[in-house]
Amino acid sequence: MTLILTHSDIASVLDRDEVRKAVERAHAGLALGDCQNPAPRALALPEAGTALPMAATGQGLATVKLLCDVPANRGHGLPIQRSTIMVSSAFTGECVAILDGRAVTAIRTAAASAVATDHLSRPSASVLGLVGAGNLAVEHARAIGAVRRIERIVVTSRTAATVDIFRSAVAGLGVPVKHVPAVEDVFHEADIICTLTPAREPVVRGDWFRPGQHINAVGAPPRPDHREIDATGMSRARLVVDSIPTVLTKSGGVLLAIAEGALADTDIHTELGHVIAGLAPGRISDDEVTMFESVGVGLQDLATAAIVIAHATAQGIGTVIELGS
């Protein structure tokens, strides 16, 4: 039997703290060889779109999330990215569940940033900076507020209306929100910065980095020609990545910095799981600038989907069908 879960089904059972802990365990499992997460190969779609099949195994499951990135959707008022997750038993091959990917992707992405922040930022870091104020910014404010005592949020966005929506969405956190006009202003004030824009050309300059900052580079699509942070920024920070094979295939921030001579392949040697598992150090000094290059991996989807399926099954949520009938 196969459980079908819609976006609203998933949103009703997701527990953000539980997801964060599961994502942390999954990355440690990847570093220790308990899980598999091969680099995905992009498939071309019409009108410069791409389809990315993101596979992973672990926890007795095998999953594939098909992420479709369709820039032309913007002109039709449709989401640029859509995704669906198929979950199968690693033991029987049975399709256990099919999930809409929207909520899973947003919450596990923020969870990974929070895990990286917990292991790489200064414990005293208290000002969160957000470049972008959409739904992903809301999820990052919630997730990072769970691992650091955030006293103030500094945010920039192209439109004031988006910041107003963001401010209302995070009002329950009880943290003041300051809207600043420029990305550089965020770096001037914040200890922890999350870049959350679908940029193709850099919106962040490494010259703006200050000692002791931690950056989560999150927003650029998994395409080798898109990046939010310039080559100087990539070379000024100590880089920790979610998956070395995936980053060296899909991260424009890394690949373009290598092409421009600011980085070498050998500079990409530490995964977040290595730090979690104690195989590599976290932050080395208070003055060090650290960066988590987050491309997003299928193993994060697997860890989150496992939680969603367990809760939905226990609560009788979703639709069960027999695919083989």
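Structural data are supplied above this passage.
Residues numbered from 1 in each chain as written. Predicted model: local features only at pLDDT ≥ 70, side-chain atom pairs only at ≥ 80, totals over all residues. Heavy atoms only, no water.

1. Some thoughts on the overall build of the protein
Inference 1: A count of helices and strands for the protein gives 11 helices and 14 strands.
Inference 2: Here the C-alpha radius of gyration of the protein, 19 Å, is about what a compact globule of 325 residues would show, namely 20 Å.
Inference 3: The buried share among the 325 residues of the protein stands at 55%.
Inference 4: Contacts in the protein between residues at least 24 apart in sequence constitute 70% of all its contacts with a sequence separation of at least 6.
Inference 5: Carbon and sulfur atoms make up 54% of the accessible area of the protein, which totals about 13,800 Å².
Inference 6: Across the protein, 27 positive and 34 negative side-chain charges occur, with their mean positions spaced 4 Å apart. (Helix = DSSP H or I, 4+ residues; strand = E, 2+ residues; numbered from the N terminus. Rg over C-alpha atoms; globule rule 2.2 N^0.38 Å. Buried < 20%, exposed > 50% of the residue type's maximum accessible area, 1.4 Å probe, protein only. Contact = heavy atoms within 4.5 Å. Areas by Shrake-Rupley, 256 points an atom, 1.4 Å probe, with all protein chains shown as cover. Lys, Arg positive; Asp, Glu negative; His and termini not counted. Charge placed at Lys NZ, Arg CZ, Asp CG, Glu CD.)

2. Here's the deal with the pattern of salt bridges
Inference 1: Scanning the entire structure with this criterion turns up 15 salt bridges.
Inference 2: One salt bridge connects D69 with R223, and the closest N-O pair in it is separated by 2.8 Å. In this pair, D69 is assigned in strand β4 (residues 61-69) and R223 in the loop between β11 (214-217) and α7 (231-236), connecting sequence segments 154 residues apart.
Inference 3: With relative accessibility at 5%, the residue D69 sits in the buried group.
Inference 4: You can call R223 buried: its relative accessible area is 13%. (Salt bridge = Lys/Arg side-chain N within 4 Å of Asp/Glu carboxyl O.)

3. Some points on unusual backbone geometry
The phi torsion of most residues other than glycine is negative, and most of the peptide bonds are trans.
Inference 1: Located in the positive-phi region is E47, a residue other than glycine, with phi close to 55°.
Inference 2: Its location among the elements puts E47 in the loop between β2 (43-45) and β3 (49-58).
Inference 3: Of note in the backbone geometry, A48 takes a positive phi value of approximately 65° without being a glycine.
Inference 4: Tracing the sequence through the fold places A48 in the loop between β2 and β3.
Inference 5: By relative accessible area, A48 is classed as exposed at 53%.

4. Thoughts on helix α3 (residues 102-120)
Inference 1: Between the first and last C-alpha of α3 there are 27 Å, a value that for 19 residues agrees with the 27 Å anticipated at 1.5 Å per step.
Inference 2: Counting buried residues in α3 gives 16 out of 19 residues, a clear majority hidden from the surface. (Expected span 1.5 Å × (residues − 1).)

5. Quick look at the packing of helix α2 (residues 16-32) against helix α11 (residues 298-315)
Inference 1: Two elements in contact, α2 and α11, have axes separated by 9 Å at closest approach and are oriented at 135°. Taken together, the axes of α2 and α11 are oblique relative to one another. Between α2 and α11 the crossing geometry is right-handed. In this structure, α2 uses E18, V19, A22, V23, A26, H27 and L30 to contact α11, whose residues at the interface are L299, Q300, A303, T304, I307 and H311. (Axes fitted to C-alpha atoms, helices over the stretch in contact; angles between N-to-C directions. Parallel < 35°, antiparallel > 145°, perpendicular 65-115°, else oblique. Left-handed = near helix turned anticlockwise from the far one by under 90°.)

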